Amino acid sequence: MKFAVIQFPGSNCDIDLYEALHTVCGADVEYVPSKESSLDGFDAVMLPGGFSYGDYLRAGAIARFTNIMPAIVKMANEGKPVFGTCNGFQILTEAGLLPGALKRNDSLKFICKTVELEVVNNDTIFTSEYQQGEKINLPIAHADGSFYADEATLKELEDNHQVVFRYSKENPNGSLHDIAGITNKRGNVLGMMPHPERAVEALLGNTDGLRLFKSILDHAEVKA
């Protein structure tokens, strides 16, 4: 399985994603600049956190129009795994690959801390290594992480089991329904505000994020 880690101007978590996949998981992974227009030969695509284009206009709003986005949409439509963390989540909503939007935290402040999450749905290609209802800890680092959607969209997300991660002990940013991560209806696109790639080694003090990447790799093995 070959992964593409997209590099947007302003990305600052692309190396974290690369090392989590390559060094820790031993996966085949390459950086792909957002100016490229093809993802031929790749089996999955990762959109990193950071501040693409300085978050001008709106977080992820400019990145949504980069050359690489049509190829990412194509992969999503083909059912291949597409993952976005933090700014990557924001880009996926801006591109219409995930419903809803990420707005400014209720505190109006940048938040950087470790939070507790509940695994709401472990029946996805991203969460099969977790237990249903399991509590895990992952770091967050964002100013625009409050998930918002209208009532009809929220009901659809809940009814279709598209809510994958939910904030548990506290809601750090005001996300509706305590939502921390969601998938599309098909289940092959996941966006989440917490950073699993920053919690993959004991040296870092936490390995709760490692199983997300192992789940994707397990899915590839089963499919093969």
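Below: a short report on this structure.

Parameters and conventions
Residues numbered from 1 in each chain as written. Predicted model: local features only at pLDDT ≥ 70, side-chain atom pairs only at ≥ 80, totals over all residues. Heavy atoms only, no water. 1 Å grid on protein atoms, 1.4 Å probe; cavity = no way out; pocket = protein on both sides within 12 Å on 5 of 7 lines; lining within 4 Å. Points joined across faces, edges and corners; volume = space filled by probe spheres on them. Helix = DSSP H or I, 4+ residues; strand = E, 2+ residues; numbered from the N terminus. Nonpolar A, V, L, I, M, F, W, Y, C, P; charged D, E, K, R; others polar. Salt bridge = Lys/Arg side-chain N within 4 Å of Asp/Glu carboxyl O. Buried < 20%, exposed > 50% of the residue type's maximum accessible area, 1.4 Å probe, protein only. Arc of directions from axis to C-beta. Contact = heavy atoms within 4.5 Å.

Notes on empty space enclosed by the protein
- In total, this model carries 2 cavities of 30 Å³ or more according to the counting rule given.
- Roughly 50 Å³ of volume is contained in the largest cavity.
- Residue lining of the largest cavity: Gly50, Phe51, Asp55, Cys86, Asn87, Gln90, Ala141, His142, Ala143 and Asp144, and that is the complete set.
- Within the residue set of the lining of the largest cavity, elements represented by two or more residues are α3 (87-94) and β7 (135-142).
- For the lining of the largest cavity, the per-class residue count stands at 4 nonpolar, 4 polar and 2 charged.

Brief notes about the pattern of salt bridges
- As enumerated under the stated definition, the model contains 13 salt bridges in all.
- The salt bridge partner of Lys169 is Glu116, with a shortest N-O separation of 4.0 Å. Of the two residues, Lys169 sits in the loop between β9 (163-167) and β10 (179-183) while Glu116 sits in strand β6 (residues 111-119), which places them 53 residues apart along the sequence.
- Exposure remark for Lys169: the relative accessible area of 71% places this residue in the exposed category.
- In this structure Glu116 comes out as buried when scored by relative accessible area, which is 17%.
- A salt bridge links Arg211 to Glu134; the shortest N-O distance between them is 2.7 Å. Note that Arg211 is positioned in helix α5 (residues 210-223) and Glu134 in the loop between β6 and β7, a separation of 77 residues in sequence.

Details of helix α2 (residues 69-77)
- If you check which residues of α2 are buried, you get Met69, Ala71, Ile72, Met75 and Ala76. Buried residues of α2 fall within an arc of 160° about the axis and therefore sit on the same side. α2 presents Pro70 and Asn77 as exposed residues on the side facing more than 90 degrees away from its buried surface.
- Buried-residue contacts for α2 involve β1 (2-7), β3 (44-47), β4 (82-85), α3 and β11 (189-192).
- Count one or two residues on from α2 and you reach Gly79, which has phi positive near 85°.

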